[in-house]
Amino acid sequence: MNAPTPTAYSDHVSEHFETIREIIADTTNTDPAEIWPEAFILEDLNITEDAIKTIVRRINKAFTITLALEEIIDEFDTLTVQNILNYVEEEIELG
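Residues numbered from 1 in each chain as written. Predicted model: local features only at pLDDT ≥ 70, side-chain atom pairs only at ≥ 80, totals over all residues. Heavy atoms only, no water.

A. Geometry of the packing of helix 2 (residues 49-63) against helix 4 (residues 81-94). Look at helix 2 against helix 4: their axes get within 12 Å of each other, and the N-to-C directions meet at 35°. When you trace helix 2 past helix 4, the crossing you get is right-handed. For the pair formed by helix 2 and helix 4, the contact residues are Ile52, Ile59 and Phe63 on the first element and Ile84, Val88 and Ile92 on the second. The class makeup of the residues in the contact of helix 2 with helix 4 is six nonpolar, no polar and no charged. (Axes fitted to C-alpha atoms, helices over the stretch in contact; angles between N-to-C directions. Helix = DSSP H or I, 4+ residues; strand = E, 2+ residues; numbered from the N terminus. Left-handed = near helix turned anticlockwise from the far one by under 90°. Contact = heavy atoms within 4.5 Å. Nonpolar A, V, L, I, M, F, W, Y, C, P; charged D, E, K, R; others polar.)

Below you can see the structure in the form of structure tokens.
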């Protein structure tokens with residue numbers, strides 16, 4: 001699968017995306033090239049609910065934030081990498 005060209009992001013958002021991409025790739029043994037903002041967690045990346053829980057824990061630790069796991073699980077069927085990035089950005093802004 002060829003990933004679409006990612007949308008241009010500011011430097012810090014791009015860095016956050018790369019960190020999230022690395023966590024997803026490492027947790028799921030997915031080729032990082034397959035992980036792009038528009039990718040659906042379930043449909044495109046075949047990530048299980050158990051794996052997303054691990055990913056969220058690792059993201060929380062990496063960014064020293066607390067993402068609402070329940071909210072992410074509620075959206076699991078339609079969740080994209082961009083959604084996760086948005087949650088991370090919101091939590092970072094809230095401090």
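B. Up close: the confidence of the model for the protein. Taken over all residues, the pLDDT of the protein has a mean of 89, while the share at 70 or more is 86%. Mean pLDDT across the elements of the protein ranges from a minimum in helix 1 (residues 11-28), with 90, to a maximum in helix 2, with 97. pLDDT under 50 marks residues 1-9. Its contacts with residues more than four places away, or in other chains, come to 13 contacts. (pLDDT = per-residue confidence, 0-100.)

C. Here's a closer look at the nonpolar core. The biggest cluster of nonpolar side chains holds 28 residues, and the ones touching the most others in it are Ile20, Ile41, Ile52, Ile59 and Val81. For this core, the elements supplying multiple residues, two or more each, are helix 1, helix 2, helix 3 (69-74) and helix 4. No other element matches the six residues that helix 2 contributes to this core. Contacts of Ile52, omitting those with residues within four sequence positions, involve Ile41, Ile47, Ile72, Ile73, Phe76, Leu79 and Ile84. (Core = buried A, V, L, I, M, F, W, Y, C linked by side-chain atoms within 4.5 Å. Buried < 20%, exposed > 50% of the residue type's maximum accessible area, 1.4 Å probe, protein only.)

D. Representation of unusual backbone geometry within the structure. A positive phi angle, close to 55°, is found at Asn29, a residue other than glycine. When you line up the elements, Asn29 lands in the loop between helix 1 and helix 2. One non-glycine residue, Asn46, lies in the positive phi region at around 55°. In this structure, Asn46 sits in the loop between helix 1 and helix 2.

E. Looking closely at the environment of Leu94. Positionally, Leu94 belongs in helix 4. Remark: the alpha-carbon pair of Leu94 and Ile65, spanning 29 residues in sequence, is separated by 9.5 Å.

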